[in-house]
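Residue-level structure breakdown
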Amino acid sequence: MAGIIRVAVLGAGGLGRSCASIIAKKKQMKLVAICDKQGYAYLPDGLDADAINSIKIGGTVGDLDCGQRINDSIGEIIRISNEIDGIFIALPNLPNDFMFNVVKRFIIAEYKGCFVDALKRTSAMEMMFRLHGDLRQVNSTYITGCGATPGLLTAAAVIAAQSFVEIENVNIWWGVGISNWAEYKATIREDIAHLPGWTVDTALSMSDKEVEELLDKTNGLLELHEMEHADDLLLERVSVVDSRDKVTVGGIMDTRNAKKPVSTTMTLTGITFDGKRSSHKFILGDETNMAANVVGPALGYLKRALWLNQHQIYGLYGSTEFMPCVVN
Ligand code: NAD
């Protein structure tokens, strides 16, 4: 792959900022653009990750030396998109069609490049797949579901499935610890939307104070079961499972402690050709945090999307359909 990959990240929250820090350690990528709700920053030589990370929560990248406060910051990124090879969408997906509509704007502007996201909900990803034809038409390549779950753990399930002739179930049980919920507001709101009695719309309408009150009642913990996670759709697409209900996702989020409350595991159970029932288990190291396990795969898949694009493979694909590359 010739040249350094010029990356833009949409969203400068927990994941967007971590993305800046991770790219700063890479030789094959540079972060040229970033935006948040209040502004954007663009520097063709590469943005300073420390400066991005020194912005206080609630501040904006628009206040950086190379930044600008502006209402439609995504519009500004679209305006300079000829200078961008690949985009990591680290925006909240609230409402459920938010990212879908953002991608549509890039298509209308005929952006020819690559995208990845860390989208979580099955219904949101189903919507995304409807953009396949339009993305092909403009010669763009998009890989969806490139975070940890879906993403890293789902791709591991595809590898694990190879030992079996029949897959009985795939179970993902994640543990995430963050020291302050405000660093990852969208992630927490989207998780709350999975609690019994909550929806995407009711979670979106919560004020920060209401989120804090809810977390006070649970001592900062959220335990989630039977989440609507697109791991099911992504594994069905590549025939790991013949029915989505064989995939279950749940986990525990501690919003007051950076230590993981439980280890994150992906367990795939199946039957071998000689009739043995067994399970493969993939366990993430407890020291690896959410940002490492989401942004790392997202960037690996972004490099893969560029490779596909260079081989004239356009359209929208799932993270289970290709291996991520390693970014040096
Ligand atoms: P966050 O709330 O910390 O940050 C979101 C950022 O988007 C903020 O900078 C905000 O200003 C910006 N933003 C919001 N609306 C905007 C707009 N209209 N224009 C420009 N910028 C806008 O979010 P986060 O916690 O970093 O999460 C980002 C996404 O990643 C969420 O959708 C979350 O669900 C997803 N996620 C996926 C996984 C996974 O494993 N698949 C894990 C964690 C998070």
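Notes on the overall build of the protein
Per the secondary structure count, the protein includes 12 helices and 13 strands. Relative to a compact globule of 328 residues, whose C-alpha radius of gyration would be 20 Å, the protein shows 19 Å and is just as compact. Along the three orthogonal principal directions, the C-alpha set of the protein runs to about 60 × 50 × 35 Å. The 328 residues of the protein split such that 55% are buried. For the protein, contacts bridging at least 24 residues in sequence account for 75% of all contacts bridging at least 6. Total accessible area computed for the protein in this model is approximately 14500 Å², and 50% of it derives from carbon and sulfur atoms.

Quick word on helix H7 (residues 152–160)
Within H7, 7 of the 9 residues are buried, which leaves the element mostly enclosed by the surrounding structure. Among the residues of H7, those classed as buried are Leu153, Thr154, Ala155, Ala156, Ala157, Val158 and Ala160. For H7, the elements touching its buried residues are strand E8 (166–177), helix H11 (231–237), strand E11 (265–271), strand E12 (277–283) and helix H12 (290–310).

Concerning the pattern of salt bridges
For side chains bearing opposite charge, pairing can occur when the charged atoms are close. Throughout the structure, instances matching the rule amount to 17 salt bridges. Salt-bridge contacts for Lys120 lead to Asp191; the nearest nitrogen and oxygen are separated by 3.5 Å. Of this pair, Lys120 sits in the loop between strand E6 (114–117) and helix H5 (122–129) while Asp191 is found in helix H8 (residues 185–192), placing the two residues 71 residues apart along the sequence. Side by side, Lys120 and Asp191 carry an identical accessibility label, which is buried. A salt bridge links Asp208 to Arg189; the shortest N-O distance between them is 2.6 Å. Residue Asp208 is located in helix H10 (residues 208–217), and its partner Arg189 is located in helix H8; the two are separated by 19 residues in the primary sequence. Overall, the relative accessible area of 29% leaves Asp208 in the partly exposed class. Bridged by salt links that share partners, the residues Arg6, Glu83 and Asp85 form one connected network.

Brief notes about the site of the ligand
The ligand sits among 29 residues. The nearest are Leu15, Ala148, Ala186, Thr187 and Glu190. Here a nitrogen atom of the ligand sits 3.4 Å away from a polar atom, N or O, in the main chain of Asp36. Ala148 places a polar main-chain atom, nitrogen or oxygen, 2.9 Å from an oxygen atom of the ligand. Of all the secondary-structure elements, those providing two or more residues to the shell around the ligand are helix H1 (14–23), helix H3 (73–79), helix H4 (98–108), H8 and H12. Among the elements that make up the shell around the ligand, the one with the highest residue count is H8 (4 residues). By residue class, the composition of the shell around the ligand is 15 nonpolar, 8 polar and 6 charged. Here the shell around the ligand spans two domains, since at least three of its residues come from each of domain 1 (5–148 + 291–318) and domain 2 (152–286).

What to know about the sheet that holds E12
Read from one edge to the other, the open sheet built from 5 strands follows the order E9-E10-E8-E11-E12, with strand pairing classed as mixed. In this open sheet, the two strands that pair with only one neighbour each are strand E9 (221–224) and E12. For this sheet, the mean inter-axis angle between neighbouring strands, taken without regard to orientation, is 10 degrees. Examined bridge by bridge, E8 and E11 share 7 bridges and lie antiparallel to one another. Its bridge partner being in E11, Trp173 is matched across the sheet by Thr265. Strand contacts of H7: E8, E11 and E12, with the helix running at about 25 degrees to E11, the strand carrying the most contacts.

A look at the environment of Gly220
Tracing the chain through its elements places Gly220 in the loop between H10 and E9. In this structure the C-alpha to C-alpha distance between Gly220 and Ile178, which are 42 residues apart in sequence, comes to 9.9 Å. If we skip the residues at most four places from it in the chain, Gly220 touches Leu215, Met253, Asp254, Thr255 and Arg256.

Some words on the packing of H8 against H10
Running from N to C, H8 and H10 cross one another at 65 degrees; their axes reach a closest spacing of 12 Å. In this structure, the crossing between H8 and H10 has a hand that is left-handed. Contacts between H8 and H10 involve Lys185, Ile188, Arg189 and Ile192 on the former and, on the latter, Asp208, Val211, Leu214 and Leu215. When grouped by side-chain class, the residues that make up the contact of H8 with H10 number 5 nonpolar, no polar and 3 charged.

Some points on the sheet that holds strand E1 (residues 5–10)
The sheet built from 8 strands is open, its strands ordered E4-E3-E2-E1-E5-E6-E7-E13 with mixed pairing. Bordering the open sheet on either side are strand E4 (67–69) and strand E13 (315–318), each of which pairs with just one other strand. Here the average twist between neighbouring strands, direction ignored, is 20 degrees. In this structure, E1 lies alongside strand E5 (residues 86–89), joined through 4 bridges in parallel fashion. Each bridged residue has a counterpart across the sheet, and for Ala8 the counterpart in E5 is Ile87. Lying over the sheet, H12 contacts E1, strand E2 (29–36), E5, E6 and strand E7 (141–144), oriented at roughly 155 degrees with respect to E6.

The rules behind these values
- Residues numbered from 1 in each chain as written.
- Predicted model: local features only at pLDDT ≥ 70, side-chain atom pairs only at ≥ 80, totals over all residues.
- Heavy atoms only, no water.
- Helix = DSSP H or I, 4+ residues; strand = E, 2+ residues; numbered from the N terminus.
- Rg over C-alpha atoms; globule rule 2.2 N^0.38 Å.
- Buried < 20%, exposed > 50% of the residue type's maximum accessible area, 1.4 Å probe, protein only.
- Contact = heavy atoms within 4.5 Å.
- Areas by Shrake-Rupley, 256 points an atom, 1.4 Å probe, with all protein chains shown as cover.
- Salt bridge = Lys/Arg side-chain N within 4 Å of Asp/Glu carboxyl O.
- Near = heavy atom within 4 Å.
- Polar contact = N/O pair within 3.5 Å; in protein donor to acceptor, adjacent residues only side chain to side chain.
- Nonpolar A, V, L, I, M, F, W, Y, C, P; charged D, E, K, R; others polar.
- Domains from an automatic or database assignment.
- Pairing = 2+ DSSP bridges.
- Axes fitted to C-alpha atoms, helices over the stretch in contact; angles between N-to-C directions.
- Left-handed = near helix turned anticlockwise from the far one by under 90°.

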